[in-house]
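Here are the chains, one letter per residue:
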Amino acid sequence: MKHILSILLLAAVGMAQAQLIITPQPQQVTVDTTKFFSYNREQITMKNSPYNFVTLGTFDKQLGKEGYRLEVKESGILLVANSNIGLYYGQQTIRQIIAQFSPKPEIVKLPYLTIVDYPQYAYRGLHLDVCRHFYSKEVVMQYIDEMLRNKLNYFHWHLTDDQGWRIEIKRYPKLTEVGAWRTEADGSKHGGYYTQDDIREIVNYARERNITIIPEIEMPGHSSAAVAAYPWLSCSGDEIEVPNTYGIKKDIFCPTDSTFQFLKNVLDEVCELFPSPYIHIGGDEVPKAQWKQSSAVRALKQKENLKNYEQVQHYFMKTMDSYLSTKGKRSIGWGEVTRGGLSEQMIVMSWRGRYAGNKAANKGNSVIMAPRFTCYFDYPQSSKDKKQAWWMTYVPLEKVYKFNPNKKNKPQILGGQANLWTEYISNEAQLWYQLKPRVYALGEALWSGGKDYDAFVKKMEKLQLLNK
Ligand code: ACM
């Protein structure tokens, strides 16, 4: 009899657990939804607050830097963490539980529970391309809100590309006067940019939510918008328009002293605006045709004893990586930066697959995994959606949920990231459609390891997030 009772009790606790809606799913939850702690906000004074926040230093090792322990019992709410970040994440979880159980805004009601929670990965990233289509400051802030809902902590902001330069640089006004605007095939204008004031506002908004913004200034490829503004940045010096078509463009930065000086001056302003320890400097999809025609590049190859054009690209990236390190920053580059050599400090973001990431990790470099077949949110989710370009594959929800950035348990792998390119995403409705609910699957994969897909789908249904 006793045995049967305890089985019944366990079943009840199990069912109750499934009812608790927290994103991402915490590492450990026990909950008893037959007992509640509740109070009326309006009747509580600071003195007899039902909250008890504790910061423990590094006493509770299991929680790490970002974890928290939450208990709700008769005596109130206890939240324990090693840092303010942990306390903050604990508060986010409390808010989600209150939203679920409290009948009115003035009532705070939570079931008795114990949650022990901490992330699997230190780097939990999401990217947004605002170059192919521009999105307003307000939309970027909503995007950051979605990140917080999933306890993601790095926002990779893709600010420059062929089709638009989106960050005001005081020293080079044409970057935005010319480079932020393009004429579409039908004659209409598309464009926009963020002023430095906008950027400071967004950086602060993110920082208040424990999100670090990593700006990306692309080089040496994907730089047509900058070349349209200042043609001397390319080896040909040709005057070009900001392109209105996609793909890989031939007009790229030339590895000359004047171009390097330009990029250093740009990065000076970027580093002033972004407190992030990391700056992304691109490095993907660099066609070398213009370099092959250039006497400046020929001279550089000879002077630096560079054997091929991949080594010229490495020289380019290394020059900028070294400059950033003098400013106390570390650079991140797309997987192609492993081809002609690899700077020691550089963090590699593996996107074509995992090959470049594993290669870099084997050399001891830090790595972020963002393999496109799992992590590209511009790709369609199912055959119901249109495949907009030949390079796309299906990236269904379950695949994202089961994303494991570190299959080989390498300590160099900091975590994972999903990328949202916007060549074919020209409006907000489409942006959210591509993002949700996959961002929830990403959050769970990176936080607690995507352990129960069926439970996750039920949770998405309850949150009315499933795409119908
Ligand atoms: C990329 O998707 N070209 C990094």
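An account of the accompanying structure is given in this report. Given the structure is predicted, the values throughout are model-derived calculations rather than measurements.

Moving on, we get to the packing of aromatic side chains. This structure, assessed with the given rule, holds 33 aromatic pairs. With a centroid separation of 6.2 Å and 55° between ring planes, the pair formed by Tyr 230 and Phe 262 is classed as tilted. Note that Tyr 230 is positioned in the loop between α6 (224-229) and α7 (257-273) and Phe 262 in helix α7, a separation of 32 residues in sequence. When its relative accessible area of 12% is taken as the criterion, Tyr 230 is described as buried. Here Phe 262 falls in the buried class, since its relative accessible area comes to 1%.

Taken together, the 8 strands give a closed barrel; going around it, the order is β6-β7-β12-β13-β14-β15-β16-β17, and neighbouring strands pair in parallel fashion. Across the sheet, the mean angle from the axis of one strand to that of its neighbour is 30°, orientation sign disregarded. Bridging between strand β6 (residues 123-129) and strand β17 (residues 413-418) involves 4 bridges; their strand directions are parallel. Bridged to Leu 126 within β17 is Ala 418. Seen against the sheet, helix α15 (residues 438-447) touches β6 and β17 and runs at an angle of roughly 155° to β6.

On the secondary structure map, Lys 410 appears in the loop between α13 (397-401) and β17. The charged side chain of Lys 410 is buried without a salt bridge, its nearest counter-charge being Glu 344 at 19 Å. Every residue in contact with Lys 410, bar those within four places of it in the chain, is listed here: Asn 358, Ala 361 and Asn 362.

Looking now at the pairing of strand β3 (residues 68-73). Summarising the sheet, β3 and strand β4 (residues 76-81) pair through 6 bridges and their orientation is antiparallel. Bridge pairing links Leu 70 to Leu 79 in β4. Connecting β3 to the next strand, β4, in antiparallel fashion are 2 residues. In this sheet, strand β5 (residues 107-117) lies alongside β3 in antiparallel orientation, the contact comprising 5 bridges. Bridge pairing links Val 72 to Leu 113 in β5.

Conventions used here
Residue indices follow the written sequence of each chain, beginning from 1 at its first position. Note on the predicted model: pLDDT of at least 70 is required for a residue's local features to be given, and 80 or more for side-chain atom pairs to be given and counted; whole-chain, interface and lining totals, by contrast, use all residues. Side-chain numbers here rest on the full set of heavy atoms in the structure, without hydrogens or water. Classification of ring pairs uses Phe, Tyr and Trp, with its six-membered ring standing for Trp, and accepts pairs whose centres are within 6.5 Å; under 30 degrees between planes counts as stacked, over 60 as edge-to-face, and the remaining range as tilted. Secondary structure counts use DSSP, requiring at least four H or I residues in a row for a helix and at least two E residues in a row for a strand, with both numbered from the N terminus. A simple rule labels every residue: compare its accessible area, found with a 1.4 Å probe on the protein chains alone, to the largest value its type can have, and call it buried under 20%, exposed over 50%, or partly exposed in between. The criterion for strand pairing is that DSSP finds at least two bridges linking the strands in question. Here an angle of 0 to 180 degrees is reported between the N-to-C directions of two axes, which are lines fitted to C-alpha atoms, with helices fitted over the stretch in contact. Contact criterion: two residues are considered in contact whenever any of their non-hydrogen atoms come within 4.5 Å of each other. Within this scheme the basic residues Lys and Arg register as positive and the acidic residues Asp and Glu register as negative, but His and the chain ends are omitted. By definition, a salt bridge exists where a carboxyl oxygen of Asp or Glu is found within 4 Å of a side-chain nitrogen of Lys or Arg.

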